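A look at the structure
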Amino acid sequence: MDGTLDHVMMRTEDLDAALEFYQTHFGYEEKGRWDADTFTNVHLGPEDMHEDGATLELTYNHDGRSYTMGDAWGHIAVRVEDVYEAYEELMDAGVEDYRDPDSCGGSYAFVKDPDGHEIEIVERDHGARWSLDHTMVRVEDADAAIGWYARKLEYDLFRRSEHSSFALYFMKPEDAPDEAMSVELTYNYDGRSYELGDAWGHLAVRADDLHGDWDTLLERGAEDYRDPESCNDRYAFTKTVDGHEIEVIRSD
């Protein structure tokens, strides 16, 4: 299967405010929109994003519901050449000061969007400015989580960082370009558990053959959560061992 990360979905309580934030501060443009009777999905990304780059999907439900953040999802990360310059630019534009570069050792920083989703700013020498570098999720069993992505999605572990109280594992398909988004698995050694909440939705991976790849996932023991037939043969959903939803979409 392809397996390239296509997008990460987050839910917003105010679509106009969320769009203004990402379009004003990150220069995102709409890459696609689906206006349904009960919800609206908008895909965003930089104008010059890589063809294998991931988009940010904002989902707005028309019933005015609110969401809980939970802690099983961590953040999205966006790329810049100079984290200090980028952070000061955001501060000058009125973005709330959350975690500045100095408080993060000088190599990254954090802000929040209007709905409270955390955004890490990381220095990279590749990819369009503000393009999505990775999405971080927290896992309760590092070995099981790494194994799930390796066996089910054929992901490789291409970077790891182990510390005194936690470890970070970065994974994506072996042949994915640098500009593709990766998934960062964060494992805390204290054995804590996490709540998913509902402010975050899912990660989406591309499939060359939706039905064939879905059958392969099931053969490899992936959870049969929402099969292609239940989704009008446009996509399907499974879940990781930690309950994070993974959408499988046709790459065409």
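Everything numeric in this text was worked out from a predicted model, so none of it was measured.

The next point concerns the nonpolar core. Membership of the largest hydrophobic core comes to 59 residues, with the highest contact counts inside it found for Tyr22, Ile121, Tyr149 and Leu185. Looking at which element gives the most residues to this core, the answer is helix H3 (residues 142–153), with 6 residues. The contacts of Tyr22, once residues within four sequence positions are left out, are Met10, Gly27, Tyr28, Leu44, Leu56, Leu58, Ile76, Asp113 and Ile119.

With that out of the way, let us pick up a negative patch on the surface. A cluster of acidic residues, Glu81, Asp82, Glu85, Glu123, Asp125 and Asp178, forms a negative patch on the protein surface. By the secondary structure assignment, Glu123 is in strand E7 (residues 118–123). Take Glu123: its relative accessible area is 34%, and that puts it in the partly exposed class.

For the rest of this paragraph, the subject is the UniProt feature "domain: VOC" (unreviewed entry) in the protein. What UniProt calls "domain: VOC" (unreviewed entry) maps, in this numbering, to residues 4–124 and 131–251. Within the segment residues 4–124, helix and strand shares are 17% and 40% respectively, and the terminal C-alpha atoms sit 19 Å apart. The straight-line gap between the two end C-alpha atoms of residues 131–251 is 20 Å; of that span, 18% is helix and 41% is strand.

Cut-offs applied
Residues numbered from 1 in each chain as written. Predicted model: local features only at pLDDT ≥ 70, side-chain atom pairs only at ≥ 80, totals over all residues. Heavy atoms only, no water. Core = buried A, V, L, I, M, F, W, Y, C linked by side-chain atoms within 4.5 Å. Buried < 20%, exposed > 50% of the residue type's maximum accessible area, 1.4 Å probe, protein only. Helix = DSSP H or I, 4+ residues; strand = E, 2+ residues; numbered from the N terminus. Contact = heavy atoms within 4.5 Å. Patch = residues over 30% accessible without salt bridge, like charges linked within 9 Å, V, L, I, M, F, W, Y side chains within 5 Å. Areas by Shrake-Rupley, 256 points an atom, 1.4 Å probe, with all protein chains shown as cover. Salt bridge = Lys/Arg side-chain N within 4 Å of Asp/Glu carboxyl O. Lys, Arg positive; Asp, Glu negative; His and termini not counted. Charge placed at Lys NZ, Arg CZ, Asp CG, Glu CD. UniProt positions renumbered as here; feature names shortened; annotations may be inferred.

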